[in-house]
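# Structure at a glance
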Amino acid sequence: MGKVIVITSGKGGVGKTTTTANLGTGLAAAGQKVCLVDTDIGLRNLDVVLGLENRIVYDLLDVVEGNCRVRQALIKDKHFGESLVLLPAAQTREKDAVSPEQMVELMAQLKEEYDFIILDSPAGIEHGFKNAIAGADQAIVVTTPEISAVRDADRIIGLLEAAELYDPQLIINRVRPDMVRKGDMMDIDDIDDILAISILGVIPDDQDIIVSTNRGETVVMDKKSRPGQAYRNVVRRILGEEVPFMDLQERKIMHWFKRILSGEAQ
Amino acid sequence: MFEFITKLFGGSDGSKNKAKERLRLVLVHDRASLSPGLVAALEAELIEVISKYLEIDEEGLDVSFDEGDDSVALIANIPVKNVKRKI
């Protein structure tokens, strides 16, 4: 019996789709059977991030309306085939075209076949969000270290708990170590302090992500990439391993020098 | 001089503390307005406690959060009808 994880955020543009694609690919690489579902109806994106945009025939709406069987709509990944599939969002319809009840039913069906079903939720707290969380067992909230994104994450955490999706976990995306070092960006401790929820991962901001996405690949497959490593760590944590957080401070010599100067080093 | 050096190498006066402080305040407000249940429960208990000492107009009671520039205050407006002689 599989597990349904919804990837959500309050604010848009914080990296939900990229996170969904990377965690899905990472879990498949770790030997799990994974189904990714794009629930952002009208603003389909998970297909391009995964480089599968040319293979779409049917979508989520076709499945819930019975125009095709579930299996027909699932698109196999380029690298993992049957072990990583995508159910794309409908592009031409309204957000309320799918109901929460239909989502619950679909999730029950997918759980029979897959170890993990990962839902990419639309931004915001409207209909699409309610659909996405309807059939979920667990929620991951994505935020960036900006004040607006953290504020919206707090709201989402409240709404998830009101919907009885308890203990959501947080991924802090696009952390810039240089800015954290200067005290110009909130770090993991600051956000932990404010939101008080368990932190599943911290992903450094890196041009690798844009380069991979341009190519329709996921950074989690790039062994040399730092954000790739950060995503692989998150995957291991999802699978129950204890993995320490990555040290994002690359310029260690500066850090050391600063500590000496401020007298912390004794 | 020391301040200059810490600033040069990235001291503790970065903008993140400002962000944290603002975020804390805005969340107090958000969280309070998010759960009308909290205000209702607070009102009910306030009535219970105050009624031990004073006779109050429960209908006229108003509890809200007031957000200042750098603080959030709990404002309770409780009309008193009568002071009890004995407790």
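Summary of the structure given here. (Residues numbered from 1 in each chain as written. Chains lettered and ligands numbered in written order. Predicted model: local features only at pLDDT ≥ 70, side-chain atom pairs only at ≥ 80, totals over all residues. Heavy atoms only, no water.)

Our next topic: the overall build of chain B. Helix and strand counts for chain B come out as three helices and four strands. From first element to last, N terminus to C terminus, chain B shows the α and β order α-α-α-β-β-β-β. Once local pairs closer than 6 in sequence are excluded, the contacts in chain B between residues at least 24 apart make up 48%. When the accessible surface of chain B is summed, it comes to about 6,400 Å², and 53% of that surface belongs to carbon and sulfur atoms. (Helix = DSSP H or I, 4+ residues; strand = E, 2+ residues; numbered from the N terminus. Contact = heavy atoms within 4.5 Å. Areas by Shrake-Rupley, 256 points an atom, 1.4 Å probe, with all protein chains shown as cover.)

The helix and strand inventory of chain A stands at twelve helices and eight strands. Relative to its full complement of 266 residues, chain A shows a buried share of 52%. In chain A, 74% of the contacts between residues at least 6 apart in sequence involve partners at least 24 apart. Element-wise, carbon and sulfur atoms account for 47% of the exposed surface of chain A, whose accessible area totals about 12,100 Å². (Buried < 20%, exposed > 50% of the residue type's maximum accessible area, 1.4 Å probe, protein only.)

Right, let's get into the sheet that holds strand β7 (residues 169–175) of chain A. All names here are of chain A. Taken together, the eight strands give an open sheet; going across it, the order is β3-β4-β2-β5-β1-β6-β7-β8, and neighbouring strands pair in mixed fashion. Here the strands that pair on one side only, and so sit at the sheet edges, are β3 (75–77) and β8 (199–204). Ignoring which end each strand starts from, the neighbouring axes of this sheet average 25 degrees apart. With five bridges connecting them, strand β2 (residues 34–38) and strand β5 (residues 116–120) associate as parallel partners. In the sheet register, Val37 faces β5, and the bridge partner there is Leu119. (Pairing = 2+ DSSP bridges. Axes fitted to C-alpha atoms, helices over the stretch in contact; angles between N-to-C directions.)

Moving on, we get to the side chain of Asp38 of chain A. All names here are of chain A. With respect to the helices, strands and loops of the structure, Asp38 is situated in strand β2. In this structure, Asp38 is buried with no salt-bridge partner, the nearest side chain bearing the opposite charge being Arg44 at 6.0 Å. The residues contacting Asp38, other than those within four sequence positions of it, are Arg44, Asn45, Leu46, Leu60, Leu87, Pro88, Ala89 and Asp120. (Lys, Arg positive; Asp, Glu negative; His and termini not counted. Salt bridge = Lys/Arg side-chain N within 4 Å of Asp/Glu carboxyl O.)

The subject of this paragraph is helix α11 (residues 226–238) of chain A. Residue and element names in this part refer to chain A. In this model, α11 (13 residues) spans 19 Å end to end at C-alpha, consistent with the 18 Å of a helix rising 1.5 Å per residue. α11 sits mainly inside the fold: ten of its 13 residues count as buried. All of the buried residues in α11 are Pro227, Gly228, Ala230, Tyr231, Arg232, Asn233, Val234, Val235, Arg237 and Ile238. Looking one or two residues past α11, Gly240 carries a phi angle of roughly 100 degrees, positive in sign. (Expected span 1.5 Å × (residues − 1).)

Turning our eyes to something else, we now look at the pattern of salt bridges. This structure, assessed with the given rule, holds 13 salt bridges over all chains. One salt bridge connects Lys20 of chain B with Asp193 of chain A, and the closest N-O pair in it is separated by 3.2 Å. Within this pair, whereas Lys20 of chain B is found in helix α2 (residues 16–34), its partner Asp193 of chain A is found in helix α9 (residues 188–195), the two belonging to separate chains. Judged by its relative accessible area of 44%, Asp193 of chain A falls in the partly exposed class.

As a further point, take the packing of aromatic side chains. Two descriptors summarise a pair of aromatic rings, namely the distance from one centre to the other and the angle between the planes of the rings. According to the stated counting rule, one finds zero aromatic pairs over all chains in the structure shown. Sitting over the face of the ring of Tyr114 of chain A, Lys33 of chain A holds its NZ or CZ atom 5.0 Å from the ring centroid. (Phe/Tyr/Trp six-rings, centres within 6.5 Å; stacked < 30°, edge-to-face > 60°. Lys NZ or Arg CZ within 6 Å of the ring centre and 35° of its normal.)

Moving on: the nonpolar core. Residue and element names in this part refer to chain A. Judged by nonpolar contacts, the single largest core of 54 residues is most densely connected at Val37, Leu60, Met107, Leu110, Ile117 and Leu195. In terms of residue count, the dominant contributor to this core is helix α7 (residues 147–162) (five residues). When residues no more than four places from it in sequence are discounted, the contact partners of Leu110 are Cys35, Val37, Val70 and Ile117. Counting residues in each nonpolar core, the second largest holds 32 residues, with Val14, Val34, Ile140 and Val142 among its members. (Core = buried A, V, L, I, M, F, W, Y, C linked by side-chain atoms within 4.5 Å.)

As a further point, take the side chain of Asp40 of chain A. By secondary structure assignment, the location of Asp40 of chain A is in the loop between β2 and α2 (46–49). Apart from residues lying up to four places away in sequence, Asp40 of chain A is in contact with Ala89, Lys95, Asp120 and Pro122 of chain A.

All names here are of chain A. Taken as a whole and judged by the stated rule, the model has two cavities of 30 Å³ or more. Around the largest cavity sit Thr25, Leu50, Asp77, Lys78, His79, Gly216, Glu217, Thr218 and Met221, which together line it. The residue inventory of the lining of the largest cavity, partitioned by class, reads two nonpolar, four polar and three charged. Taken as a whole, the second largest cavity spans an internal volume of roughly 40 Å³. Taken together, Thr18, Asn22, Val49, Ile209, Ser212, Thr213, Glu217, Thr218 and Val219 make up the lining of the second largest cavity. Among the secondary structure elements, those contributing two or more residues to the lining of the second largest cavity are α1 (16–29) and α10 (207–215). (1 Å grid on protein atoms, 1.4 Å probe; cavity = no way out; pocket = protein on both sides within 12 Å on 5 of 7 lines; lining within 4 Å. Points joined across faces, edges and corners; volume = space filled by probe spheres on them. Nonpolar A, V, L, I, M, F, W, Y, C, P; charged D, E, K, R; others polar.)

So, on to α7 of chain A. Residue and element names in this part refer to chain A. Over its 16 residues, α7 extends 23 Å from the first C-alpha to the last, a length consistent with the 22 Å expected when each residue adds 1.5 Å. Looking only at α7, the buried set comprises Ala149, Val150, Ala153, Asp154, Ile156, Ile157 and Leu160. The buried side chains of α7 occupy one side of the element, clustering within an arc of 170 degrees when seen end-on. Count one or two residues on from α7 and you reach Glu164, which has phi positive near 65 degrees. (Arc of directions from axis to C-beta.)

It is worth spelling out unusual backbone geometry at this point. Located in the positive-phi region is Arg174 of chain A, a residue other than glycine, with phi close to 60 degrees. If you check the backbone angles, Ala196 of chain A has positive phi at about 50 degrees while not being a glycine.

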